[in-house]
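In case you want the letters, here they are:
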Amino acid sequence: MHTRFTVEFDHAWLAGREFPRERGRVLLRLLAALAQAGSLREAAQRSGVSYRAAWGALGDGARLFGAPLVDMQRGRRARLSVLGQRVLAADERVRADLGEHFERLRAEIPRLLADILPGARPHLALHASHDLALAALRESSGKTLDLEIVIRGADESLAALARGECDIAGFHVANALPRAAAAAAALGRWLDPRKHTLIHFVTREQGLIARPGSRIRGVHDLARPGVRFIHRQSRGAEGEELSVAETVAAGRADAGFGLRADATRHKLAFTPLATERYFFACAKTALRGAALKALLDALKSPAFAERVARLPGYDASHAGKREALDAALTWVERS
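What this report covers is the structure whose coordinates are included nearby. (Residues numbered from 1 in each chain as written. Predicted model: local features only at pLDDT ≥ 70, side-chain atom pairs only at ≥ 80, totals over all residues. Heavy atoms only, no water.)

Quick look at the overall build of the chain now. Looking only at helices and strands, one finds eleven helices and 13 strands in the chain. Taking all 335 residues of the chain together, the buried fraction comes to 44%. Taking contacts inside the chain between residues at least 6 apart in sequence as the whole, the part at least 24 apart equals 67%. In the form shown here, the chain has an accessible surface area of approximately 18,100 Å², with 52% of it arising from carbon and sulfur atoms. (Helix = DSSP H or I, 4+ residues; strand = E, 2+ residues; numbered from the N terminus. Buried < 20%, exposed > 50% of the residue type's maximum accessible area, 1.4 Å probe, protein only. Contact = heavy atoms within 4.5 Å. Areas by Shrake-Rupley, 256 points an atom, 1.4 Å probe, with all protein chains shown as cover.)

Encoded structure:
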């Protein structure tokens, strides 16, 4: 893809007479930080402005709305006023409503230009549930394919494919009935076996990740008093997303469900429980296009197999193999 331009959209909406939109951006950023911070000084630091500039922005905002956005009382922490809370809620509403549309347009605009730009590679928009092997795929296909990866839930990814918001959707299916049944429901909701097909990506080993020395060797050990269990991503001290393995490694939990590769990376104990198959879904007609052909070539390449082999518990021996939709509905891995 041509790299001289980027597609950027602006959520900025707050402006007024002698109050430019850039000033509105600063004020909204400050209000969001102040809702989480313990003081105005801390909020200013988080917002990337000086303490003096923060005072100025709040004063301008009060004049713009005709009332203070922050309650400032001596001896007490600064807090958003009711008006400040409403202004911040309005900004969150704007971002929530526009975010999905902006995301779709960011993908569509490069595709509209891809075939006319000099030296352009075919573009492929992949919406997929998180997987460590996606990075290996991007690296293996980089010379021949402009692969855009958007991480979202499996159901959301399949819905995006059905709505035409992406070219291909990635999702994983466990070999255990309850979770596989959920994937089957999502496939039936969004895909048509007459129009869509599956491409095998990887298999991966899922299991119980535990802190070394915790004596947690199976699911039954989770019932012991005092065991701290986590079943999804968490947030760190700085607000960053932490995987289950990262949370256990940081000492914030004793155990959780995750991938062998993650457990190995963080030197944690691992008990295998299930094998998950990861598939890509796409329209059958897309297989005739240059982008899908480049993707299949990358999936079947020695370079991709070599990169995946470095991930403990992963197998790419069937990568690039086409499957019917019902291949994802079998509970046991095919030999």
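In this section: the nonpolar core. Phe-201, Phe-280, Leu-299 and Phe-304 are the most contacted members of the largest nonpolar core, which has 34 residues in total. Those elements that place two or more of their residues in this core are strand S3 (123–128), helix H5 (133–141), strand S4 (146–151), strand S6 (196–210), strand S11 (269–283), helix H10 (290–299) and helix H11 (302–309). Of all the elements, H10 adds the most residues to this core, at seven residues. Once residues within four sequence positions are removed from consideration, Phe-304 is found in contact with Ala-133, Ala-136, Leu-137, Ser-140, Phe-201, Val-202, Ala-298, Leu-299, Ala-316 and Ala-319. Counting 23 residues, the second-largest nonpolar core is a separate cluster that includes Leu-34, Ala-43, Val-49 and Val-87. (Core = buried A, V, L, I, M, F, W, Y, C linked by side-chain atoms within 4.5 Å.)

Quick look at the environment of Arg-106 now. Relative to the helices and strands, Arg-106 resides in helix H4 (residues 82–114). A relative accessible area of 27% places Arg-106 in the partly exposed class. Between the alpha carbons of Arg-106 and Thr-6 there is a distance of 8.7 Å; along the sequence they are 100 residues apart. Among all residues touching Arg-106, those that are not within four sequence positions of it are Val-7 and Phe-9.

What follows deals with the pattern of salt bridges. Between side chains of opposite charge, a pair can form as their charged atoms come close. In total, this model carries 17 salt bridges according to the counting rule given. Between Arg-63 and Asp-60 there is a salt bridge; the shortest N-O distance is 2.5 Å. Of the two residues, Arg-63 and Asp-60 are both situated in helix H3 (residues 51–65); the distance of three residues between them amounts to about one turn of the helix. Judged by its relative accessible area of 62%, Arg-63 is exposed. Given a relative accessible area of 22%, Asp-60 falls into the partly exposed group. In this structure, the salt-bridge partner of Asp-221 is Arg-224, at a minimum N-O distance of 3.6 Å. The exposure class assigned to Arg-224 is partly exposed, which follows from its relative accessible area of 27%. (Salt bridge = Lys/Arg side-chain N within 4 Å of Asp/Glu carboxyl O.)

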